[in-house]
Amino acid sequence: MVRRNDERRSSLVDAAIEVLAREGARGLTFRAVDTEAGVPAGTASNYFANRDDLLTQAGSRVYQRLQPDEAEYARQRTAGRDRATYTELMRGVVGRVAGFRTGYLALLELRLEATRRPELRTVLTERVRADIDANVAYHEASGLPGDAMGVKLLILALNWLIVEQLTLPDVFTEAEREALVTAAVERIVGEGE
């Protein structure tokens, strides 16, 4: 029987994220999660039906932890509606995602694992699609310049910039990354907006 202590479950899923980031999907075992979480052996197996369940919940948890907090949402609602504001918003997104290094690296591991696990692929596809749709809807309601296609292009461009920053941090300096975010917004949103 799977246990329902939500705080313990969250702790175990967070430990799974750390294991995924450090050891990859092959290193993700119940024993490794128990060790990372500092709980008795066998605890994770009491909370997750199987390894696929643990992988799926780790993917969902990464997205949960990447969401801006309410203060950030409030700041965004009161910010300007121009390209400079858009650029700052995108810098904030890149910073927030890169600031949760292990989460993003775990997500990359999960994406690779999803190529071999149809159920995980389905869950991640639904989650990523929902995230894209939410970003487009937010953008359309915000009054920021650009359109839905621009939002999708920025997601693609900035995701790869984040991958570079987290996996090969010396490819671009911090100043180059800042300039790349600015250029992406300016070029994708367009000069006339």
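Every value quoted in this text rests on a predicted model; they were computed, and no experiment measured them.

Rules and cut-offs
- For every chain, the first residue of the written sequence is number 1, and numbering continues from 1 onward in sequence order.
- In view of the model being predicted, local features appear only for residues whose pLDDT reaches at least 70, and side-chain atom pairs are presented and counted only at 80 or more, with totals across whole chains, interfaces and linings using the full set of residues.
- Side-chain measures were taken over the full set of non-hydrogen atoms in the model, leaving aside hydrogen atoms and water.
- Think of it this way: any DSSP run of H or I at least four residues long counts as a helix, any run of E at least two long counts as a strand, and we number them from the N terminus.
- Summary of the burial criterion: residues with accessible area below 20% of their type's maximum are buried, those above 50% are exposed, and those between are partly exposed, where the area comes from a 1.4 Å probe applied to protein chains only.
- Contact criterion: two residues are considered in contact whenever any of their non-hydrogen atoms come within 4.5 Å of each other.
- When charges are tallied, Lys and Arg are placed among the positive residues and Asp and Glu among the negative ones, while His and the ends of the chain are skipped.
- Where a charge sits is defined by one atom per residue type, namely NZ (Lys), CZ (Arg), CG (Asp) or CD (Glu).
- What we call a nonpolar core is a set of buried Ala, Val, Leu, Ile, Met, Phe, Trp, Tyr and Cys residues that are connected through their side-chain atoms within 4.5 Å.
- When the centres of two rings from Phe, Tyr and Trp lie within 6.5 Å, Trp using its six-membered ring, the rings pair. Their planes under 30 degrees apart give stacked, over 60 give edge-to-face, and anything left gives tilted.
- Two limits define a charge over a ring: the Lys NZ or Arg CZ must be within 6 Å of the ring centre, and within 35 degrees of the ring normal.
- Angles run from 0 to 180 degrees between N-to-C directions of axes, and those axes are lines fitted to C-alpha atoms, restricted for helices to the stretch in contact.
- When an angle is under 35 degrees it counts as roughly parallel; over 145 it counts as roughly antiparallel; between 65 and 115 it counts as roughly perpendicular; any other value is oblique.
- Crossings are sorted by hand: turned counterclockwise from the far helix by less than a right angle, the near helix makes the crossing left-handed, and turned clockwise it makes it right-handed.
- Note on residue categories: nonpolar means Ala, Val, Leu, Ile, Met, Phe, Trp, Tyr, Cys or Pro, charged means Asp, Glu, Lys or Arg, and polar means any other residue, Gly included.

Participant: Would you mind showing me how to read the overall build of the protein chain here?
Facilitator: Scanning the protein chain from N- to C-terminus turns up 10 helices and 0 strands. Going residue by residue from the N terminus, the α and β elements of the protein chain occur as α-α-α-α-α-α-α-α-α-α. Viewed in the frame of its principal axes, the protein chain has a C-alpha envelope of about 60 × 35 × 30 Å. Within the protein chain, the fraction of its 193 residues that count as buried is 39%. Pairs at least 24 apart in sequence give 67% of the contacts found in the protein chain among residues at least 6 apart. A gap of 5 Å separates the mean positions of the 26 positive and 30 negative side-chain charges of the protein chain.

Participant: It is not clear to me how the nonpolar core should be interpreted in this structure. Could you clarify?
Facilitator: A general feature of soluble globular proteins is that nonpolar side chains tend to end up buried together. L20, L28, V33, Y86 and M90 are the most contacted members of the largest nonpolar core, which totals 51 residues. For this core, the leading source of residues is helix α9 (residues 148–167), giving 8 residues. With near-sequence residues (within four places) excluded, Y86 lies in contact with H139, L144, P145, V151, L154, V185 and V189.

Participant: Any chance you could explain the packing of aromatic side chains here in plain terms?
Facilitator: The description of two aromatic rings rests on the distance between their centres and on the angle between their planes. Per the stated rule, a full pass over the model turns up 0 aromatic pairs. Directly above the ring of F48 sits R9, whose terminal nitrogen or CZ lies 5.2 Å from the centroid.

Participant: Would you explain the packing of helix α7 (residues 101–114) against helix α8 (residues 118–142) in this entry?
Facilitator: Any two packed helices are characterised by how steeply their axes cross, that is the angle between the axes, and by the distance between the axes. Where α7 meets α8, the closest approach of the two axes is 8 Å, and the angle between their N-to-C directions is 130°. When the interaxial angle is binned, α7 and α8 end up oblique. Crossing geometry of α7 relative to α8 is assigned as left-handed. Touching L107, L110, R111, E113 and A114 of α7 are L120, R121, L124 and V128, all from α8. Looking at side-chain class alone, the contact of α7 with α8 contains 6 nonpolar, no polar and 3 charged residues.

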